[in-house]
Amino acid sequence: MVTQKITIEPVTRIEGHAKVTIHMNADGNVDHAYLHVNEFRGFEKFCEGRMVFEMPTITPRICGICPVSHHLAAAKAGDEVYGAPPPRPANLLRELMHMGQIIQSHGMHFFELAGPDLLLGFDADPAIRNVVGLIQANADLALKAVNLRKFGQEIISTLGGRRVHPVFAVPGGVNKALVSAERDQIFSGYHKALDTVKLGIQIIKGWAEANQEDINKFAVFPTGYLGLVKAGNTLDLYDGDVRLIDAAGQQLELFDGRTYLDYIAEHVENWSYLKFPYYKKLGFPQGVYRVGPLGRMNASDRMSTPLADAEMKVFKAMNPGKPIENTLHFHYARLIEALHAVEKVAVLLDDPDILSTDLLNTRHNYKGEGVGVIEAPRGTLWHHYWANENGQIQKVNLIVATGNNNWAMSKAVDSVAKTYINGQVVREGLLNRVEAAVRAHDPCLSCSTHAVGQMPIVVEVLDQQGNLTQTITRGE
Amino acid sequence: MKILLFGYGNIDRQDDGVAWHVLRGVAERYGVILPVFPEETTTEITETLTSTYALQLTPESAEWVSQFDKVIFIDAHTGSIEELLHVEELGSNFQTSPFTHHLTPQTCLALAESLYGKAPQAIIVSVRGYEFGFSQILSAQTRELAMQAIRKIVIYIDQSGD
């Protein structure tokens, strides 16, 4: 009997990335597949000994992909540690910055990372199945996509002074007011951003209609779903309680995010450095759940802005009364959230308090422990700090967005591999589908480092004796 | 001839941020003192030489890059590249990663060419990194290599007519 093992391994500089292994059976079919994550968790240890008020500037350095989410989660945890809830205007400004992050991240993912797969096809020549191919196919759309991302980035830099590592939110509030000229400048980009996201939604809906068969067999599986909601189970990206539903759509829990340790535990597997969070009462793996756009869309019932709310109704009508399980619908959900974020920017800019200078609560009621929870673009993010009486960090626990989706990403890889790979020869297009299963979740494993050159993907097919029988290398 | 020095990396992860140290060294050769910590600032070192720094390359970098005649990307690398100091001419070539929002300089050039109709001549100078802990202090080996990179870049700039 001959078994094979296929490895998809991005060659990276250091820890913080992942590889896929696909184990073939003797019949040439997939036996099982895993996503292995080599994420480095040393950052929690690194934070020990630092002051709580430093955390909003230190923790964004975990990652250059969603630094704003870490910045704001750290500030929220700091609010709790110092017992200093921010004034309303400060929360509005924090939320505005967060919308900028959602817009730039979701915009980049759809138009520049996932878009080429969807719009040019999984089986298109890799030489053109990329954003440059997309530009050649539709230059106007590509430029709009870049400008959408820029709109989000400029919101962040206007408030934070810089795009990547903002200095803005502090425990108890924020340290900079928005002035009317800045408000008007941001608003001047609103209509174009709205039009671009609407166009994206048109594109994804058209694509979904034309590719229904693929969508219905591509990593469709039940899980729980988790996200922040406000009153009436209204999806909220900045604040709220945590709502967890089961695979049938029934609410399992609605809890204050500060009590997450009562509900969430983390499972460890010997084949991945990234832990697997799950709902304690159901155990692992029965209690696994999905977060991010699909998780949030399923865990909530409505949205607070009209266009996004209408689009959510269309989304939910695809499986009335039950969660949408299709992994490829992460993309549609992501664009609905981008629509909401753009609408929300206008709502926030129109709020009379947005130009207020009442930005900082200096009356502390020190508690020494605090949890900050926020919806990062790719899912729910927890920061939990324990500090001594001087405000010096003694212990840190982070549950990062991508970690929450760890089980689902591996399951998606397994499912897609089993669905699409059979026979002895693995075609490039099939490999790309496996990648797309991971990419749909928009994982962030970067750990703030990068690599010279790209990350070539190598697929090796090995027989039971370890002899190489096939290699697919892309992008070297 | 407008030249852009474009360094990127995370200076909080030791050698990953060597590009910032190299940028500071090059600027100093032209009499300009850059801050100790990068603030995403862009500095006109001379009339024709500009420096900028980022944690990583982004799609918006393409617009900026397209406005120059030559770009010198400065980065770090590990043992996957044999040379201690790697210098390579770059072409525009889209490259993607399945797992992150990572953007390579070749992709940046490809975006500049496709979106803005101009990809400058470009080279990358990358320095071997050895330690990637949570610190802003370079390893001794990388610090020495950074000095070599500074000299090499200054010669390249001077030979480019600046």
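Below you will find a few notes about this structure. Keep in mind the model is a prediction, meaning the values are calculated, not measured.

## Examining the overall build of chain B
Line of reasoning, step 1. In terms of regular secondary structure, chain B is built from 4 helices and 6 strands.
Line of reasoning, step 2. Order of helices (α) and strands (β) in chain B, N terminus to C terminus: β-α-β-β-α-β-β-α-β-α.
Line of reasoning, step 3. Its C-alpha atoms give chain B a radius of gyration of 15 Å, within 12% of the compact-globule value 15 Å for 162 residues.
Line of reasoning, step 4. Dimensions of chain B, computed from the C-alpha atoms along their principal axes, are close to 40 × 40 × 30 Å.
Line of reasoning, step 5. Among the 162 residues that make up chain B, the fraction classed as buried is 61%.
Line of reasoning, step 6. Sequence-distant contacts in chain B: of pairs separated by 6 or more residues, those separated by 24 or more amount to 72%.

## Structural notes on the sheet that holds strand 5 (residues 85-90) of chain B
All names here are of chain B.
Line of reasoning, step 1. Strands sit in the order 2-3-1-4-6-5 across an open sheet of 6 strands; the sheet is mixed. Two strands lie at the open edges of the sheet, namely strand 2 (42-44) and strand 5, each paired on one side alone. Across the sheet, the axes of successive neighbouring strands diverge by a mean angle of 20 degrees, strand direction being ignored.
Line of reasoning, step 2. Both strand 5 and strand 6 (residues 121-128) contribute to a ladder of 6 bridges, which runs antiparallel. In the sheet register, L90 faces strand 6, and the bridge partner there is A122.

## Some words on the nonpolar core
The tendency in soluble globular proteins is for nonpolar side chains to be buried side by side.
Line of reasoning, step 1. With 109 residues, the main nonpolar core has A:I22, A:L96, A:F218, A:V345 and A:Y385 as its most contacted residues.
Line of reasoning, step 2. When residues no more than four places from it in sequence are discounted, the contact partners of A:F218 are A:F122, A:T327, A:L328, A:V416, A:Y420, A:R433, A:A436 and A:A437.
Line of reasoning, step 3. Judged by nonpolar contacts, the second largest core, of 31 residues, contains B:L23, B:V125, B:A149 and B:I150.

## Looking at the packing of helix 11 (residues 306-316) of chain A against helix 12 (residues 330-349) of chain A
Residues and elements named next belong to chain A.
Line of reasoning, step 1. At a minimum axis separation of 8 Å, helix 11 and helix 12 run at an interaxial angle of 165 degrees. In this view, helix 11 runs roughly antiparallel relative to helix 12, as classed from their interaxial angle. When the axes of helix 11 and helix 12 are compared, the crossing they make is left-handed. For the pair helix 11 and helix 12, contact is made by P306, L307, A308, E311, M312, V314 and F315 and by Y332, A333, I336, L339, H340 and E343, respectively.

## Some thoughts on helix 1 (residues 18-29) of chain B
Residues and elements named next belong to chain B.
Line of reasoning, step 1. With 12 residues, helix 1 should cover 16 Å at 1.5 Å per step; its first-to-last C-alpha distance of 17 Å lies within 8% of that length.
Line of reasoning, step 2. For helix 1, the complete set of buried residues consists of V18, A19, W20, V22, L23, G25, V26 and A27.
Line of reasoning, step 3. The secondary structure elements touched by the buried residues of helix 1 are strand 1 (3-8), strand 3 (49-54), strand 4 (70-77), strand 6 and helix 4 (140-159).
Line of reasoning, step 4. Looking at the residues trailing helix 1, positive phi occurs at G31, about 80 degrees.

## Overview of the packing of aromatic side chains
Line of reasoning, step 1. In this structure the tally under the stated criterion is 15 aromatic pairs over all chains.
Line of reasoning, step 2. Between B:F6 and B:Y8, the aromatic rings sit 6.4 Å apart at their centres with planes inclined by 90 degrees, giving edge-to-face as the arrangement.
Line of reasoning, step 3. Looking at B:Y8, the relative accessible area reads 2%, which means it is buried.
Line of reasoning, step 4. In textbook terms, an aromatic cluster arises when at least three aromatic residues are bridged by ring pairs, as seen for A:F276, A:Y278 and A:F284.
Line of reasoning, step 5. Above the face of the B:Y130 ring, B:R128 is positioned so that its terminal group lies 4.5 Å from the ring centre.

## What about the sheet that holds strand 15 (residues 393-399) of chain A?
Residues and elements named next belong to chain A.
Line of reasoning, step 1. Spatially, 13-14-15 is the arrangement adopted by the 3 strands of the open sheet, whose pairing is antiparallel. Edge strands, defined here as strands with exactly one partner in the open sheet, are strand 13 (369-376) and strand 15. Between one strand axis and the next, the sheet turns by 15 degrees as a mean value, whatever way the strands run.
Line of reasoning, step 2. Sheet topology note: the strand 14 (residues 379-387)/strand 15 ladder contains 6 bridges and is antiparallel. In the sheet register, W382 faces strand 15, and the bridge partner there is I399.

Criteria and cut-off values
Residues numbered from 1 in each chain as written. Chains lettered and ligands numbered in written order. Predicted model: local features only at pLDDT ≥ 70, side-chain atom pairs only at ≥ 80, totals over all residues. Heavy atoms only, no water. Helix = DSSP H or I, 4+ residues; strand = E, 2+ residues; numbered from the N terminus. Rg over C-alpha atoms; globule rule 2.2 N^0.38 Å. Buried < 20%, exposed > 50% of the residue type's maximum accessible area, 1.4 Å probe, protein only. Contact = heavy atoms within 4.5 Å. Pairing = 2+ DSSP bridges. Axes fitted to C-alpha atoms, helices over the stretch in contact; angles between N-to-C directions. Core = buried A, V, L, I, M, F, W, Y, C linked by side-chain atoms within 4.5 Å. Parallel < 35°, antiparallel > 145°, perpendicular 65-115°, else oblique. Left-handed = near helix turned anticlockwise from the far one by under 90°. Expected span 1.5 Å × (residues − 1). Phe/Tyr/Trp six-rings, centres within 6.5 Å; stacked < 30°, edge-to-face > 60°. Lys NZ or Arg CZ within 6 Å of the ring centre and 35° of its normal.

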